Amino acid sequence: MKTISKLFLAAALVAPAATVATTAQAQVNGVAVADPQGAIAGSRAWTAARQQIETTYKAQLDQAETRRTALGRELQPLVDAFQTARAAPNANEASLRTQAQAIQTRQQAAEQELARLTQPAVRAQTYAVEQIQARLGEAVQNAVRAKNVSLLVSPQAVLFMQPTADITSAVTAELDKLVPTVSITPPAGWQPGQQGQQQGAAPAAAPAATAPAPARRQNSGR
């Protein structure tokens, strides 16, 4: 369950890309750092939504975690046999390719199976996060104004910073004001990305939404 939950946020914190730094409007010179994904992850709305999703879809998530473990046990002997064959003197390349292909095919089937099991929960959490992301730009602007920031950059663009330069928590606080709660039930016909299209080009945290790859890949030697 914990493994599935960790995959959740990674899948949800994505939407049509936009630049948060362009929202910086300040009255005095100042540079700050903010992590949009971290701000959303720390918001009360997302915390409550995640808990609701884990409760509502507990049966499916538990089933997916059980299948993940079982599929790992099924794949391991194939991987072990491949590695043994590859390490043998005068290993047969054609045979190795066949084994590697069989492992890859089984992995892909496992990923598809797990994606089907987690799809309802992933859809719910994507919808929840998109509602928060729709107000992210406004939250950033409010935090920037309150902190008198003239330049806002992402953590990935920084080699060193003082802790006081990080205003992620301030962005989260603004999100809590703007989006105290969100729904985890998408309306009929909803598709990922619609929220941003309806709201206009709202700042977001990363590229277009994708479902997580639940199956952990084993080394197939390719």
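Residues numbered from 1 in each chain as written. Predicted model: local features only at pLDDT ≥ 70, side-chain atom pairs only at ≥ 80, totals over all residues. Heavy atoms only, no water.

**Some thoughts on the overall build of the chain**
Working step 1: For the chain, the count of helices and strands is eight helices and two strands.
Working step 2: Along the chain, from the amino end to the carboxyl end, the secondary structure elements read α-β-α-α-α-α-α-β-α-α.
Working step 3: In the chain, buried positions account for 41% of the 222 residues.
Working step 4: Residue pairs in contact within the chain that sit at least 24 positions apart in sequence constitute 92% of those at least 6 positions apart.
Working step 5: Carbon and sulfur atoms make up 52% of the accessible area of the chain, which amounts to about 12000 Å² in all. (Helix = DSSP H or I, 4+ residues; strand = E, 2+ residues; numbered from the N terminus. Buried < 20%, exposed > 50% of the residue type's maximum accessible area, 1.4 Å probe, protein only. Contact = heavy atoms within 4.5 Å. Areas by Shrake-Rupley, 256 points an atom, 1.4 Å probe, with all protein chains shown as cover.)

**Comments concerning the packing of aromatic side chains**
Working step 1: Enumeration according to the criterion identifies one aromatic pair in this entry.
Working step 2: Where Tyr127 meets Trp190, the ring centres are 5.1 Å apart and the plane angle is 70°; that geometry is what we call edge-to-face. Taken together, the residues Tyr127 in helix α5 (residues 93-133) and Trp190 in the loop between α7 (168-178) and α8 (194-199) connect sequence positions 63 residues apart. When sorted by exposure, Tyr127 lands in the same class as Trp190, which is buried. (Phe/Tyr/Trp six-rings, centres within 6.5 Å; stacked < 30°, edge-to-face > 60°.)

**As for unusual backbone geometry**
Working step 1: At Asn90, a position not held by glycine, the phi torsion is positive, near 55°.
Working step 2: You can see Asn90 is positioned in the loop between α4 (58-87) and α5.
Working step 3: The backbone phi angle of Asn148 is positive, close to 55°, even though this residue is not glycine.
Working step 4: Here Asn148 lies in the loop between α6 (136-147) and β2 (151-153).
Working step 5: On the accessibility criterion, Asn148 (31% relative accessible area) is partly exposed.

**Observations concerning α7**
Working step 1: Counting buried positions along α7 gives eight out of 11 residues, so the element sits mostly inside the fold.
Working step 2: Residues of α7 that are buried include every one of Thr168, Ala170, Val171, Thr172, Glu174, Leu175, Asp176 and Leu178, and no others.
Working step 3: Here the buried face of α7 lies against β1 (31-33), α2 (36-41), α3 (44-56), α5 and α6.

**Points about the packing of α3 against α4**
Working step 1: Direction vectors running N to C along α3 and α4 enclose 75°, while the axes themselves pass 5 Å from each other. Comparing their axes, α4 and α3 come out roughly perpendicular. Along the contact surface, α3 presents Ile53, Glu54, Thr55 and Thr56, while α4 presents Lys58, Gln60 and Leu61.
Working step 2: Counted by class, the contact of α3 with α4 contains two nonpolar, three polar and two charged residues. (Axes fitted to C-alpha atoms, helices over the stretch in contact; angles between N-to-C directions. Parallel < 35°, antiparallel > 145°, perpendicular 65-115°, else oblique. Nonpolar A, V, L, I, M, F, W, Y, C, P; charged D, E, K, R; others polar.)

**Some thoughts on the confidence of the model for the chain**
Working step 1: Summarising the model, the chain shows a mean pLDDT of 80, and 74% of its residues fall at 70 or more.
Working step 2: Averaged pLDDT values for the elements of the chain fall to 48 in helix α1 (residues 2-12) and rise to 97 in α3.
Working step 3: Counting contacts from residues 9-28, a segment whose pLDDT is below 50, to residues more than four positions away or on other chains yields 60 contacts. (pLDDT = per-residue confidence, 0-100.)

**Remarks on the pattern of salt bridges**
Working step 1: Per the stated rule, a full pass over the model turns up eight salt bridges.
Working step 2: A salt bridge links Glu74 to Arg67, with the shortest nitrogen-to-oxygen separation between them at 3.9 Å.
Working step 3: You can call Arg67 partly exposed: its relative accessible area is 22%.
Working step 4: For the salt bridge of Glu74 with Arg106, the shortest nitrogen-to-oxygen distance reads 2.9 Å. In this pair, Glu74 sits in helix α4 while Arg106 sits in helix α5, placing the two residues 32 residues apart along the sequence.
Working step 5: Judged by relative accessible area, Glu74 falls into the partly exposed class, the value being 38%.
Working step 6: By relative accessible area, which is 27% here, Arg106 ends up partly exposed. (Salt bridge = Lys/Arg side-chain N within 4 Å of Asp/Glu carboxyl O.)

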